[in-house]
Amino acid sequence: MEPSPKVAAALAGAGSVADENGPLYESLLADIQTLSPPASTAADLNAVFDSFFGQGPGVVATRSFLNAFIAALKGIEKEDLWIEVGNRALDILATQPSSFFDAAATIYELVATAHENGEDFLSAAKALAEIPLDSSQRKVSDADKARVWVRIARNYLEIGDDAAADTYVNKLKNIMHTVSDPDLNLHFRLSQARIQDAKRDFLFAAQRYHEISFFPAVAEEERIHTLSMAVKCAILAPAGPMRSRILGRLYKDERAAQLGEFGILEKMFLDRLLSPAEVDKFAEGLQPHQLATTADGSTVLAKAVMEHNLLGVSRLYDNIQFEALGSLLGLDADKAEETTARMIEQGRLVGRMDQLEGVVWFEGGEASGEKGSGRAEVAAGKEMRRWDANVESLAEEVENVVSSMQREFPSFVAANLAA
């Protein structure tokens, strides 16, 4: 498209030496919205840019021109124009013998902002990734690097590309200890939590979400939402001592009582069995990846609830047959046995199994979470000693009752006590 008549006339009157005509170009850019009709603004900006660089300008004049060009571009609040003109300017800058990294970085950020406003997050991430951060000719602080990498990670998270986002979060891990900006630290932690949530590392995600829920920079409504995410991730985490600790912290958080998930949180913390109706209601508030099917064909939620209920059963029974256990868990006997064996082996449940009799024996106490630590040793005569202790305790209670009755009703006891 040809430039507008006024801009074309002004460019025709410019001399052949860009360094001498720098003020003319800068004045033209400052008045671009007055001289140029909206339909030809992009063509006019491109024409000014081409004319200036076509005269082989020097470094000093170019830097001054680029500052005026970027100011003019920012002053026109049209995202499509930022993308069109910005990308064309970047292509021309890439061909220049001198590198104008600061100007290029600003234009890349402007193009990325336009893509973000248009919800084209992939293009925004790609534009930001082109910003030169490691050049020896441009010194970039850790805070500035973090600002760019955080934006890239957030854009990739918006399109569900967790692997790409994780790449930039791993870069951030190496520099965030030097960055004091609270907003950058907040977005870094939030990106970490979202990535671990997407990767189904629910324990880590729950811890991160809970930490973020205390950040004063976050609005109260968002803090409650983040706390809710922490509860959901904790519930979805594999049953065991580590999950019990995070459930405890969330249950004792006085804000948790106002959450819709508090009922299921309380039952899980107190090791109570969950009903299918409660689980179905909880599932309504989960995201698609939190309801994904695992390798064994069950959903993440179904597996978490099944393991939790197994822990709940271990608090109620000393021993139980696999068939009865499966009935309580909604599984067949073989699946109940497999699940129990895996949790014992991983140190998330303390007990021992008698596969010949089809029985699992649960032991008291908390599991350590260390692999192989859940297998209980079979001590010779242990069950008989436990039986003897129970009989002895019962006999002592009966004797205490009789002694109390003798003090209160001596005549009744004397008449009815068997010799």
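Residues numbered from 1 in each chain as written. Predicted model: local features only at pLDDT ≥ 70, side-chain atom pairs only at ≥ 80, totals over all residues. Heavy atoms only, no water.

1. Considering the packing of helix H17 (residues 300-316) against helix H18 (residues 322-329)
Part 1: Contact geometry of H17 with H18 gives a least axis separation of 10 Å together with a crossing angle of 125 degrees. The orientation of H17 relative to H18 falls into the category oblique. Regarding H17 and H18, the two cross each other, and that crossing is right-handed. On H18, the residues that touch Met306, Asn309, Leu310 and Val313 of H17 are Leu325, Leu328 and Leu329.
Part 2: Looking at the contact of H17 with H18 residue by residue, the classes come out as 6 nonpolar, 1 polar and no charged. (Axes fitted to C-alpha atoms, helices over the stretch in contact; angles between N-to-C directions. Helix = DSSP H or I, 4+ residues; strand = E, 2+ residues; numbered from the N terminus. Parallel < 35°, antiparallel > 145°, perpendicular 65-115°, else oblique. Left-handed = near helix turned anticlockwise from the far one by under 90°. Contact = heavy atoms within 4.5 Å. Nonpolar A, V, L, I, M, F, W, Y, C, P; charged D, E, K, R; others polar.)

2. Notes on the sheet that holds strand E2 (residues 351-354)
Part 1: The sheet built from 3 strands is open, its strands ordered E1-E3-E2 with antiparallel pairing. Of all the strands in the sheet, the pair left with one neighbour each is strand E1 (319-321) and E2. Taken over all neighbouring pairs, the strand axes of this sheet differ in orientation by 20 degrees on average, direction set aside.
Part 2: Bridging between E2 and strand E3 (residues 359-362) involves 4 bridges; their strand directions are antiparallel. Bridge pairing in E3 places arginine 352 opposite tryptophan 361. (Pairing = 2+ DSSP bridges.)

3. Some remarks on the environment of tyrosine 168
Part 1: Locating tyrosine 168 in the fold gives a position in helix H10 (residues 162-173).
Part 2: Classification of tyrosine 168 by relative accessible area gives buried; the value is 14%.
Part 3: On a C-alpha basis, the gap between tyrosine 168 and alanine 205 in space is 17 Å, while along the polypeptide they are 37 residues apart.
Part 4: Leave out the neighbours within four places in its chain, and tyrosine 168 touches Ala129, Trp149, Ile152, Ala153 and Tyr156. (Buried < 20%, exposed > 50% of the residue type's maximum accessible area, 1.4 Å probe, protein only.)

4. Here we look at the nonpolar core
Part 1: Counting 65 residues, the largest nonpolar core has Leu45, Phe49, Phe65 and Phe69 as its most contacted members.
Part 2: No other element matches helix H7 (residues 101-117), which puts 9 residues into this core.
Part 3: Excluding residues within four positions of it along the chain, phenylalanine 65 makes contact with Tyr25, Glu26, Leu29, Val48, Phe49, Phe52 and Phe53.
Part 4: Counting residues in each nonpolar core, the second largest holds 37 residues, with Ala206, Ala234, Ala237 and Ile246 among its members. (Core = buried A, V, L, I, M, F, W, Y, C linked by side-chain atoms within 4.5 Å.)

5. Some thoughts on the layout of surface pockets
Gaps left between atoms are located by rolling a probe of water-molecule size over the structure's atoms.
Part 1: The calculated volume of the largest pocket comes to roughly 370 Å³.
Part 2: Along the wall of the largest pocket there are 18 residues; nearest its centre are Leu190, Arg194, Tyr209, Met229 and Gln287.
Part 3: Among the elements that take part in the lining of the largest pocket, helix H11 (residues 182-198) stands out by supplying 6 residues, more than any other.
Part 4: Taken together, the residues of the lining of the largest pocket break down into 8 nonpolar, 6 polar and 4 charged. (1 Å grid on protein atoms, 1.4 Å probe; cavity = no way out; pocket = protein on both sides within 12 Å on 5 of 7 lines; lining within 4 Å. Points joined across faces, edges and corners; volume = space filled by probe spheres on them.)

6. Topic: the pairing of E3
Along any regular strand the residues' side chains alternate between the sheet's two faces.
Part 1: The sheet contact formed by E1 and E3 spans 3 bridges and is antiparallel. Each residue of the ladder has a partner; that of asparagine 319, found in E3, is tryptophan 361.
Part 2: Hairpin remark: E2 followed by E3, antiparallel, with 4 residues in the connecting loop; positive phi at glycine 358, about 70 degrees.

7. Considerations on the packing of aromatic side chains
Part 1: Going through the model one piece at a time under the given rule, you end up with 12 aromatic pairs.
Part 2: Ring centres of tyrosine 25 and phenylalanine 65 lie 6.2 Å apart, and the angle between their planes is 90 degrees; this geometry places the pair in the edge-to-face category. Pair noted here: tyrosine 25 is in helix H2 (residues 22-30) and phenylalanine 65 is in helix H5 (residues 59-75), with a separation of 40 residues, a long-range link. Comparing tyrosine 25 with phenylalanine 65, the two get one shared label, buried.
Part 3: When the ring of phenylalanine 65 is compared with that of phenylalanine 69, the centres are 6.2 Å apart and the planes differ by 25 degrees; the resulting orientation is stacked. Here phenylalanine 65 and its partner phenylalanine 69 are both found in helix H5, 4 residues apart, which amounts to about one turn of the helix. Across the pair, exposure class does not vary: phenylalanine 65 and phenylalanine 69 are buried alike.
Part 4: Stacked on the ring of phenylalanine 214, the Lys or Arg arginine 255 has its end atom at 4.4 Å from the ring centre. (Phe/Tyr/Trp six-rings, centres within 6.5 Å; stacked < 30°, edge-to-face > 60°. Lys NZ or Arg CZ within 6 Å of the ring centre and 35° of its normal.)

8. Some remarks on H11
Part 1: The end-to-end C-alpha distance of H11, which contains 17 residues, comes to 24 Å, matching closely the 24 Å that a straight helix rising 1.5 Å per residue would cover.
Part 2: Taken as a whole, H11 has its buried residues at Leu184, Asn185, Leu186, Phe188, Ser191, Gln192, Ala193, Ile195, Gln196 and Asp197.
Part 3: In this fold, the buried residues of H11 make contact with helix H9 (142-158), H10, helix H12 (202-212) and helix H13 (220-236).
Part 4: The N-terminus of H11 is capped by aspartate 181, whose side-chain oxygen sits 2.8 Å from the backbone nitrogen of aspartate 183. (Expected span 1.5 Å × (residues − 1). Polar contact = N/O pair within 3.5 Å; in protein donor to acceptor, adjacent residues only side chain to side chain.)

9. Quick look at the side chain of lysine 232
Part 1: Relative to the elements of secondary structure, lysine 232 occurs in helix H13.
Part 2: Contacts of lysine 232, omitting those with residues within four sequence positions, involve Glu261, Phe282, Gly285 and Leu286.

10. What to know about the side chain of glutamate 307
Part 1: Counting through the fold element by element, glutamate 307 comes out in helix H17.
Part 2: Glutamate 307 sits in the buried class, given a relative accessible area of 2%.
Part 3: Side-chain polar atoms of glutamate 307 contact the backbone nitrogen of alanine 239, separated by 3.3 Å.
Part 4: Sequence-distant contacts of glutamate 307, defined by excluding residues within four places in its chain, comprise Pro238, Ala239, Thr339, Arg342, Met343 and Arg348.

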